[in-house]
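Next come the chains, spelled out residue by residue.
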Amino acid sequence: MAVLSYYAFTAAFITFGVALLAYLWYSVGQQKEAGRFATFFTYNGAALLTASLGARWIAAGHPPYSNQFEFATSFAWGTAATYLYLENRYRLRGMGLVVIGVAFALLAYASILPARIDPLIAALQNRPLLTIHVAMAIISYGAFACAFAAGLLYLVNRQGQIGFLPHPDVLDEIGYKSVIIGFPAQTLLLILGSVWANVAWGAYWSWDPKETAALFTWLIYGVYLHARAQRGWHGVRTSWLLLAGFGAVLFTFFGNYFLGGLHTYSGL
Amino acid sequence: MAELEAPAKLVPEVTTIARARAGKGDVADRLWRLLCSVRFAMLLIALAAGGVMAGTVIMQAPTDVLQSQETFSAWLARPQLRYGQPWHTVFLALDLYRVFSSLWWRALLAVLTLAVVVCTINRLPGIMASVRRPAVKVPARLFERAPLRAEFLYAGLTSEQAQVQAAKVLASRRFRVIPTQEGPVSSVFADKNRFGKLGTFLNHVGIVTILGAGVMGNVLGWRDNAFMVPEGSSRPVGHDTGIVVASEGFTDEYYPTGTPKDYRSDLVLLKEGREVARKTIRVNDPLEFNGITFHQAFFGPAVVMRVKDAQGATAFEDGVALGYEFNGTGVSRNGGFFILGNRRMAVYVLVPAAQRGPDPDIPAGAVRLEIFEPRQARPSAIETLPQGTPREILGYTFEFVRERQFSGLQLVHNPAINLTWFAAACMMAGILAVFNFPLRRVWIRAEAAGGAEGGDVQRHGLSEVGAQYDVRLRLAAVSNRDVLFAREFESLALAIDREIAPLAQPASGREPAAGQMIGRVTDQAPVRG
């Protein structure tokens, strides 16, 4: 199973690479046909990644959320899954170049990490909470990656002058739609994290660096939602907030390297 | 973009207390307006985010250091060394080494809470009123300026018939339908998810309650983060609980790689000498009794000591948890202490710290005793005691009986914890309601086609054909740039047309009978990459 998982990971990595090239061809090369290939390869890449994570789950006997390799792979999976949902819902391929680029970069990062299968350390032995808590992280981070892509492309194409990119108004809305997927997921992530911390660490909130970094991310998207819904901000200003928000997501995700604290299970 | 701005004025805004008193300039009104301004709220959230970031990247003093000003001052040497000048002075001046217990952080949270409360009170009556009495009547201009609109012309039927059919379609799509008649004009107002907006109150009440529950937990509850019970010993919980914790054993297990697999303590709780609870606790499985939670938090070495007085009577026999770290003169040791008899002597028991190599003074398998008489800064006796070898010191016979382990527990009593979870559930439910049940409002106006002039009809050069029709049906909605609602609106308009068309007669010179759909249906480019 472990070997199967690794093969599926490698195949997914290559497939996402091909999908990325196809999105490049679709967007920059302006080949409408390439779009269908890009979507096809993304679906396949996501399926292979699902197989890889599933095989790992079976091999390890616990959800594949116990070290940084598994987090990075799952993050890539979440990004691809949210993107496919949005692509399907909005019939929009123009963001694929950036979003699948992010997913591919995460897989590239995962590929240089030790991929060993670790048993669960004592603190993580809470099957239901581990599963849902980290699953929420994956969904929210994936959705925020899509929001980031929408914000970035908006800033690049704010006048709608680049024909092969989606219309700025559409990007503005996709950014918002991504956040309203990501924000509730992140809220649940924080709440379940608190429930778990209350059980395992005896305090539902300890101002642990990972907690505060996640709270920072949550607050940025909070500002975004208020700015957009109540102040009527859109376009350039909200796009910058989306970029800042994803910066905070990456800071939280990679924070294990330099922040220390209670969340340092990554096995690095 | 003028079209996007117009609808806000066409559809009456929700009234708020601040708007109602907009002209008033006294201090209370100004303060009220400030606290309920979204711009101010955004500033507060941004400041909170800045504080959180500072508390994340800048070294924070641990909780035990913050217990007193002296320990905090002593601890400050570490960040000073790390950041150097002038950063250290700046961070210290801004109180950034203890962000989350600083005065400014608490003040910020207090103002934020106040703003949320004021904002809620400000908007609640208006939103409740708009739920109960929606903006059914809108000016006719809305049908020419709304970002989402559609228009159909029919021959051979009355505006009332068109109204009935439109209402039927809307009701079948789970809209609340309010038909009105004003002279010859038949209108329909329809809305969906009118309670969704209340989610924002649920969410904000949840956030305020979480903060309030945090304060309540601190005031009414207590915690003991370093409660140590050696195996085979028992310790009173204190805090007027009358509960005694006894440990029947501690086990730590490891995977072959050395990573921890399991920590568990077999605990028994006693009250007035009777057993009241029993459980093997693990990191993820604490024991709860009478609102107190007993968590497995840490562990360490313990020793069983026996002390006899000059008459041979046992003065002390118990486990001593060696849970403290003592650093000095270049060696690191674990230790604990106990108080002996009537003479109130403090007996410190020390062993070499694990994994720090051999200790120059304490051979393996021995403990070092440092015995302090009351109010003495220096020990009256220092002895190294091998296991199982009694020795007489200061009139007592000390014996290191055996090695054990201790369970490090965290004891928490938080009477507000369930309130916290309830508030978190409210917050979550509120967010889901706001995002998944957005308010949808559609206005429909059916009137005689004769007067069909202006707006889209004129723009499309259809005013002259208007005479051939009897009814002009117009739909309008305010979208807030929502592609999905634009699509829903388009499908709704077409469904209404499909329902009405069979009833209509073919207009002269035009086939088939179906109404003419004109005007912009969506306010943006079709969604396609």
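What comes next is a walk through the structure. (Residues numbered from 1 in each chain as written. Chains lettered and ligands numbered in written order. Predicted model: local features only at pLDDT ≥ 70, side-chain atom pairs only at ≥ 80, totals over all residues. Heavy atoms only, no water.)

### Topic: the sheet that holds strand E2 (residues 176–182) of chain B
All names here are of chain B. One open sheet accounts for five strands, arranged E1-E20-E19-E3-E2; its pairing is antiparallel. This sheet does not close on itself; its edge strands, each paired only once, are strand E1 (148–154) and E2. Taking each pair of neighbouring strands and ignoring which way they run, the sheet shows an average axis angle of 15 degrees. In terms of strand pairing, strand E19 (residues 440–448) meets strand E20 (residues 471–477) through seven bridges, oriented antiparallel. Across the sheet, residue isoleucine 444 finds its bridge partner in E20, namely leucine 475. (Pairing = 2+ DSSP bridges. Helix = DSSP H or I, 4+ residues; strand = E, 2+ residues; numbered from the N terminus. Axes fitted to C-alpha atoms, helices over the stretch in contact; angles between N-to-C directions.)

### So, the packing of helix H1 (residues 2–27) of chain A against helix H2 (residues 32–60) of chain A
All names here are of chain A. Closest axis-to-axis distance for the H1/H2 pair is 7 Å, and the angle between their directions is 160 degrees. In terms of orientation, H1 and H2 fall into the roughly antiparallel class. Remark: the crossing between H1 and H2 carries left-handed chirality. Here the contact of H1 with H2 is built from residues that sort into 23 nonpolar, eight polar and two charged. (Parallel < 35°, antiparallel > 145°, perpendicular 65-115°, else oblique. Left-handed = near helix turned anticlockwise from the far one by under 90°. Nonpolar A, V, L, I, M, F, W, Y, C, P; charged D, E, K, R; others polar.)

### Concerning the pairing of strand E3 (residues 185–192) of chain B
All names here are of chain B. In terms of burial, E3 is largely enclosed, as eight of its eight residues are buried. What you see with E3 is no split at all: Val185, Ser187, Phe189 and Asp191 on one side and Ser186, Val188, Ala190 and Lys192 on the other are buried throughout. Across seven bridges, E2 lies against E3 in antiparallel orientation. Note on E3: the bridge partner recorded for proline 179 is valine 188. Between E2 and E3, which pair antiparallel and follow one another directly, the connecting turn spans two residues, one of which, glycine 183, has a positive phi of 60 degrees. The pairing of E3 with E19 spans seven bridges and is antiparallel. Across the sheet, residue lysine 192 finds its bridge partner in E19, namely arginine 440. (Buried < 20%, exposed > 50% of the residue type's maximum accessible area, 1.4 Å probe, protein only.)

### Some thoughts on the sheet that holds strand E7 (residues 260–271) of chain B
All names here are of chain B. The antiparallel open sheet is built from four strands, whose spatial order is E5-E6-E7-E8. Whereas interior strands pair on both sides, the edge strands pair on one side only; in this sheet they are strand E5 (234–236) and strand E8 (274–282). Shown here is a sheet whose adjacent strand axes are inclined to one another by a mean of 25 degrees, direction ignored.

### Digging into the state of the cysteines
Residues and elements named next belong to chain B. Applying the stated rule across the entire model yields zero disulfides over all chains. No disulfide involves cysteine 36; its nearest neighbouring cysteine sulfur is the one of cysteine 119, lying 6.0 Å away. Under the relative-accessibility criterion, cysteine 36 is labelled buried at 10%. (Disulfide = S-S within 2.5 Å.)

### Focus: the pattern of salt bridges
All names here are of chain B. Counting across every chain of the model gives 26 salt bridges over all chains. Between arginine 306 and glutamate 317 there is a salt bridge whose closest N-O contact spans 3.1 Å. Remark: glutamate 317 occurs in strand E11 (residues 314–321) and arginine 306 occurs in strand E10 (residues 292–308); sequence separation between them is 11 residues. A relative accessible area of 44% places glutamate 317 in the partly exposed class. Close ionic contact of arginine 306 with glutamate 399 constitutes a salt bridge, the shortest N to O distance being 3.0 Å. Placement of the pair is arginine 306 in strand E10 and glutamate 399 in strand E18 (residues 396–413), with a sequence separation of 93 residues. Several salt bridges share partner residues, and in doing so they unite Glu144, Arg445, Glu447 and Arg474 into one network. (Salt bridge = Lys/Arg side-chain N within 4 Å of Asp/Glu carboxyl O.)

### Some thoughts on the environment of alanine 51 of chain A
Mapping alanine 51 of chain A onto the fold places it in helix H2. For the pair alanine 51 of chain A and serine 5 of chain A, spaced 46 residues apart in sequence, the C-alpha separation works out to 7.0 Å.

### Some points on the interface of chain B and chain A
If you look at the interface, chain B gives 55 residues, while chain A gives 58 residues. Roughly 4800 Å² of surface becomes buried between chain B and chain A when both sides are summed, with 66% attributable to carbon and sulfur atoms. Joining chain B to chain A, the criterion identifies zero salt bridges. Seen at the junction of chain B and chain A, the total is 10 residue pairs in polar contact (both at pLDDT 80 or more). (Contact = heavy atoms within 4.5 Å. Buried area = accessible area lost by both parts, 1.4 Å probe. Polar contact = N/O pair within 3.5 Å; in protein donor to acceptor, adjacent residues only side chain to side chain.)

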